[in-house]
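Fold and contact review
Residues per chain, in single letters:
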Amino acid sequence: MDFHFKAILQSDGWVENARISTDDKGVITSIESGEDSNAASGYVIPGFRNCHSHAFQYAMAGLAERHDRDSGRDDFWGWRNTMYELALSLDPDQVEQIATMLYKELVRHGYTHVCEFHYLHHDKDGSPYGNLAEMGERLIAAAEAARINLTLLPVFYQKGGFGKDPLPEQRRFISRTLIDYASLLQHTIEACKHSEYASAGIAVHSLRGVDPEDVVRTAEDLGAELPFHIHISEQVKEVDECIEHLGLRPVEWFLRKIAVSDRFNLVHATHITDREARGIVKSGASVVLCPSTEGNLGDGIFPLKEFQDAGGRWSIGTDSHIGLSPFEELRLLDYGQRLISHRRDTFTGSSESSGENAIRSAFFAGVNATGEETSEYFEVGKPLNACVIRDDVPLIENCELEALGDRIVYASDATWIKGTVVNGRALWAG
Ligand SMILES: [Zn+2]
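Treat the numbers as computed from the prediction; the structure is a model and nothing was measured.

Rules of the game
- Residues numbered from 1 in each chain as written.
- Predicted model: local features only at pLDDT ≥ 70, side-chain atom pairs only at ≥ 80, totals over all residues.
- Heavy atoms only, no water.
- Donors = N, O, S within 2.8 Å, 3.2 Å for Na, K, Ca; no water.
- Buried < 20%, exposed > 50% of the residue type's maximum accessible area, 1.4 Å probe, protein only.
- Core = buried A, V, L, I, M, F, W, Y, C linked by side-chain atoms within 4.5 Å.
- Domains from an automatic or database assignment.
- Contact = heavy atoms within 4.5 Å.
- Helix = DSSP H or I, 4+ residues; strand = E, 2+ residues; numbered from the N terminus.
- Buried area = accessible area lost by both parts, 1.4 Å probe.
- Salt bridge = Lys/Arg side-chain N within 4 Å of Asp/Glu carboxyl O.
- Polar contact = N/O pair within 3.5 Å; in protein donor to acceptor, adjacent residues only side chain to side chain.
- Pairing = 2+ DSSP bridges.
- Axes fitted to C-alpha atoms, helices over the stretch in contact; angles between N-to-C directions.
- Arc of directions from axis to C-beta.
- Phe/Tyr/Trp six-rings, centres within 6.5 Å; stacked < 30°, edge-to-face > 60°.
- Lys NZ or Arg CZ within 6 Å of the ring centre and 35° of its normal.
- 1 Å grid on protein atoms, 1.4 Å probe; cavity = no way out; pocket = protein on both sides within 12 Å on 5 of 7 lines; lining within 4 Å.
- Points joined across faces, edges and corners; volume = space filled by probe spheres on them.

**Remarks on the coordination of the zinc ion**
The coordination sphere of the zinc ion contains the protein donors H52 (NE2), H54 (NE2) and H231 (NE2), at a distance range of 2.1 to 2.2 Å. A residue is classified by how much of its surface remains accessible, and H231, at 7% relative accessible area, is buried.

**With respect to the nonpolar core**
By size, the foremost hydrophobic cluster in this structure holds 131 residues, and its most contacted members are Y103, F254 and W314. Both domains that furnish three or more residues to this core are identified here as domain 1 (2-46 + 377-428) and domain 2 (48-370). When near neighbours in sequence (up to four residues on either side) are disregarded, F254 contacts L207, V215, F228, I230, I232, V260, F264 and L266.

**Quick word on the side chain of S315**
Within the element layout of this structure, S315 appears in strand β13 (residues 313-316). On the basis of relative accessible area, S315 is assigned to the buried category, the value being 0%. Every residue in contact with S315, bar those within four places of it in the chain, is listed here: C51, V287, V288, L289, A362, A365 and G366.

**Side note on the domain arrangement of the chain**
Assigned domains of the chain: these are domain 1 (2-46 + 377-428) and domain 2 (48-370). For domain 1 and domain 2, the distance between their C-alpha centroids amounts to 29 Å. Contact with domain 1, which involves 27 residues of that partner, is made by 28 residues of domain 2. Carbon and sulfur atoms supply 58% of the area that domain 1 and domain 2 bury against each other, a total of about 2300 Å² over both sides. Area buried by domain 1 at its contact with domain 2 is led by Y377, V409 and Y410, which between them contribute 29% of it. On the surface where domain 1 and domain 2 come into contact, there are zero salt bridges. If you look at where domain 1 meets domain 2, you find eleven residue pairs in polar contact (both at pLDDT 80 or more). For the side of domain 1 that touches domain 2, the secondary-structure elements that each account for two or more residues are β2 (13-22), β4 (43-46), β14 (386-389), α14 (404-411), β15 (417-422) and β16 (425-428).

**What about the sheet that holds β4?**
Strand order in the open sheet made by the seven strands is β3-β2-β1-β4-β14-β15-β16, with mixed pairing throughout. The two strands at the open ends of the sheet, each matched to only one other strand, are β3 (28-33) and β16. Across the sheet, the axes of successive neighbouring strands diverge by a mean angle of 35°, strand direction being ignored. Of the pairings in the sheet, the one linking β15 to β16 comprises four bridges and is antiparallel in character. Looking across to β16, one finds that V421 is bridged to A426. Against the sheet, α14 touches β2, β4 and β14, its axis set at about 85° to β2.

**Some points on α14**
Of all the residues in α14, the buried ones are L404, G405, I408 and V409. The buried residues of α14 all sit within an arc of 125° when viewed along its axis, so they share a single face. Buried residues belonging to α14 abut β2, β4, α11 (326-341), α12 (354-370), β14 and α13 (394-397).

**Description of the pairing of strand β1 (residues 2-10)**
In terms of burial, β1 is largely enclosed, as seven of its nine residues are buried. Of the pairings in the sheet, the one linking β1 to β2 comprises eight bridges and is antiparallel in character. Within β2, the position partnered with F5 by the bridge is A18. Between β1 and the antiparallel strand that follows it, β2, lie two residues. In this sheet, β4 lies alongside β1 in parallel orientation, the contact comprising two bridges. Bridge pairing links I8 to V44 in β4.

**Looking at the packing of aromatic side chains**
Using the criterion set out here, one finds 21 aromatic pairs in the structure. Pairing W14 with Y43 gives two aromatic rings, centres 6.2 Å apart and planes at 85°, and the pair type is edge-to-face. Within this pair, whereas W14 is found in strand β2, its partner Y43 is found in strand β4, the two being separated by 29 residues in sequence. Of the two residues, W14 and Y43, both sit in the buried class. Judged by centre distance (4.9 Å) and plane angle (80°), the ring pair of F363 and F364 falls under edge-to-face. Members of the aromatic cluster, each reached through a chain of ring pairs, are F56, Y84, Y119, Y157 and F173. Over the ring of W77 we find K237, and its NZ or CZ is 4.1 Å from the ring centre.

**With respect to unusual backbone geometry**
You will see that H268, though not glycine, has its phi angle at about 80°, which is positive. By relative accessible area, which is 1% here, H268 ends up buried. In the Ramachandran plot, N423 falls in the positive-phi region, its phi being about 50° despite a non-glycine side chain.

**Comments concerning empty space enclosed by the protein**
Under the counting rule described, the total for this entry stands at three cavities of 30 Å³ or more. Looking at the lining of the largest cavity, the elements that each hand over two or more residues are α1 (76-89) and α9 (291-297). Among the elements that make up the lining of the largest cavity, the one with the highest residue count is α1 (five residues).

Shown next as structure tokens:
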């Protein structure tokens, strides 16, 4: 395939009149910048990597917003009860349908890859399916139908809280032992081998969800070459209970007990101290921030400014899918920081452009979270994954190239997206 765009964004700025050729697998064979041409259309930024998803939760997006005035406060833990009700009600066909609907929407919004933090493993009564990876295979089928790349992260979930047995309503999530989890992981890895869209990674639900010794062994003994994801420090209550049971804050404990490296992705990390932030940076790990869900659940605000100033790397995820736009995630992330700092220079980096700096961090940490490697947005030898912005929108038509990244990140809506290219295949909107 030959693509001819008005401009493509690379990590150091825009390249005008870009011609990109791909082979029959969608791998880029050449990138050239030529003369102006009427055939060129669209402005291209790298396809977004969505680094945290619980696909089934899309079915309840916007449906946990009725708050009974007589029953006291509603918070994350109340939302979780509603989510458990949904999790207990779904069969594999329904999960596949919901995930297909979601993944198609993610592609429409400019995502080309999703990391699925998958813990709905078992049948409704808690017994494993005959095929341990039944639900995982349904998620792979959904990714194939939507044509989005998938990093499938089967989640090790074992406990109902620090030192507590699992709750009955968590029965579909549970691997009782490390051996049970290793078997689930192995089946998932095998299932992914049959799909051109899927690869596997490792996930631990949280420090409250798995016995501490098994967290260490999962990180050290299983799939050392795979990306590792874990929810951490999302809730104040979780931090307090971790101190009570393990004597340390969650990130402190994790960094002290495990040889953390750049394959580790800490999801949320909302409630961390400056010391923990510096520790994450030093370890090479990234954080995965999910601003629309974190806002919806009232989690708190991640200390991005301090983390970024220390050299921290971050990606984005849509988590519960209350929001699906990557631009909305970036804006919410930025505006949360602006509101608490009274400053406007949140996204710093190698460019003066906040928008370009945001895209750069979300891209490189995002690619890392998927388990892949790259050194540039668009590179010969790598698949073409792109988000194409229309060139006939008034605010785009009347914009200097240098300002385009900011205009797209801060002023766009979903109608600006002309389409998404996944592995060289153009999926044009509308
Ligand atoms: Zn999550």
